[in-house]
Amino acid sequence: MLLRSNNFMVKNIAIFASGTGTNAKKIIEYFSGRTDIKVNFVVSNKEAAPVLNMAQSFGIETLIINRAYFYKSEDILQELNQKGIDFIVLAGFLWLIPDYLVNAYTNQMINIHPALLPKYGGKGMYGMNVHRAVKLAGEKESGISIHYVNAKYDEGNIIFQAACSLDESDSPETIAQKVRTLEHQHFAPIIESLITRR
Ligand code: GRF
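What comes next is a walk through the structure. Remember, predicted model here, so these are calculated numbers, not experimental data. (Residues numbered from 1 in each chain as written. Predicted model: local features only at pLDDT ≥ 70, side-chain atom pairs only at ≥ 80, totals over all residues. Heavy atoms only, no water.)

**Remarks on the nonpolar core**
Stage number 1. Judged by nonpolar contacts, the single largest core of 41 residues is most densely connected at Ile13, Ile15, Ile27, Val89, Ile110, Phe187 and Ile191.
Stage number 2. It is helix α7 (residues 172-196) that provides the largest number of residues to this core, a total of nine residues.
Stage number 3. Not counting residues up to four positions away in its chain, the partners in contact with isoleucine 191 are Ile13, Ile27, Phe31, Phe87, Val89 and Ile110.
Stage number 4. In terms of nonpolar packing, the next biggest core, distinct from the first, is built from 23 residues, Phe93, Tyr100, Leu101 and Val102 among them. (Core = buried A, V, L, I, M, F, W, Y, C linked by side-chain atoms within 4.5 Å. Buried < 20%, exposed > 50% of the residue type's maximum accessible area, 1.4 Å probe, protein only. Helix = DSSP H or I, 4+ residues; strand = E, 2+ residues; numbered from the N terminus. Contact = heavy atoms within 4.5 Å.)

Structure (structure tokens):
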């Protein structure tokens with residue numbers, strides 16, 4: 001059991017992201033000005049990920065990790081503990097989460113997936129790969145799945161899903177836009193509801 005150094009008044013969120021960070025930005029904006037919930041750490045495995053500059057522009061501390069650090073040591077637990085992180089949000093973070101971290105944040109770490117799981121999940125199913133597969137299958141709907149994180153890609157228990165309808169004129173790009181809209185609309189409020197009911 002990880003000992004949290006937090007003062008228990010503020011719930012601190014760490015966001016793990018590898019890309020642009022549009023979801024991370026929405027989450028940061030949603031909680032900015034709040035005294036009870038704060039995003040105070042952003043972790044990325046990509047040095048050039050735009051999410052890092054975005055987070056820094058909000059004065060949020062960032063950390064760049066490499067594979068050895070993440071998979072061969074458990075040092076990130078100390079970092080998270082020092083910052084009093086209560087809750088981890090994966091928002092476009094593509095690496096599998098190692099067991100030690102899953103165990104330290106059981107039911108306190110969630111991911112958002114850009115499709116209606118259990119369809120179109122698993123290794124390699126990220127970004128436009130997902131939307132192309134949805135289009136190819138001629139699906140009549142797609143959407144988002146917010147789920148707890150376990151040690152397998154996209155297999156943790158589903159917390160929330162929202163769907164959008166598709167028609168033949170949709171392309172992978174328009175599907176991506178529809179799904180992105182749902183992500184930006186729902187992710188932060190779901191995070192809030194999970195944290196505040198604790
Ligand atoms: C989102 O589509 C999310 O569902 C997936 O990664 C993408 C991240 O996008 N897990 P962004 O970097 O937040 O724009």
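**Brief notes about the sheet that holds strand β4 (residues 85-90)**
Stage number 1. An order of β3-β2-β1-β4-β5-β6-β7 is seen for the seven strands of this open sheet, with the pairing classed as mixed. Pairing within the sheet leaves two strands with one partner each, and these edge strands are β3 (61-64) and β7 (158-165). Each neighbouring strand pair of the sheet contributes to a mean axis angle of 20°, computed without reference to strand direction.
Stage number 2. As paired strands, β4 and strand β5 (residues 109-113) are joined by three bridges and run parallel to one another. Each bridged residue has a counterpart across the sheet, and for leucine 90 the counterpart in β5 is asparagine 111. (Pairing = 2+ DSSP bridges. Axes fitted to C-alpha atoms, helices over the stretch in contact; angles between N-to-C directions.)

**Side note on the site of the ligand**
Stage number 1. Lining the immediate environment of the ligand, one finds Thr20, Gly21, Thr22, Asn23, Gly92, Ile112, His113, Pro114, Arg180 and Glu183.
Stage number 2. Arginine 180 has a polar side-chain atom sitting 3.4 Å from an oxygen atom of the ligand.
Stage number 3. Take glutamate 183: an N or O atom from its side chain is 2.3 Å from an oxygen atom of the ligand.
Stage number 4. Considering the ligand on its own, with 370 Å² of exposed area, one finds that the protein chains cover 86% of that surface.
Stage number 5. Spatially, the ligand is embedded in the largest pocket.
Stage number 6. Across the shell around the ligand, the residue classes tally to two nonpolar, six polar and two charged. (Near = heavy atom within 4 Å. Polar contact = N/O pair within 3.5 Å; in protein donor to acceptor, adjacent residues only side chain to side chain. Areas by Shrake-Rupley, 256 points an atom, 1.4 Å probe, with all protein chains shown as cover. 1 Å grid on protein atoms, 1.4 Å probe; cavity = no way out; pocket = protein on both sides within 12 Å on 5 of 7 lines; lining within 4 Å. Sits in = over half its atoms within 2 Å of the grid points. Nonpolar A, V, L, I, M, F, W, Y, C, P; charged D, E, K, R; others polar.)

Keep in mind these numbers describe shape, not what the thing actually does.
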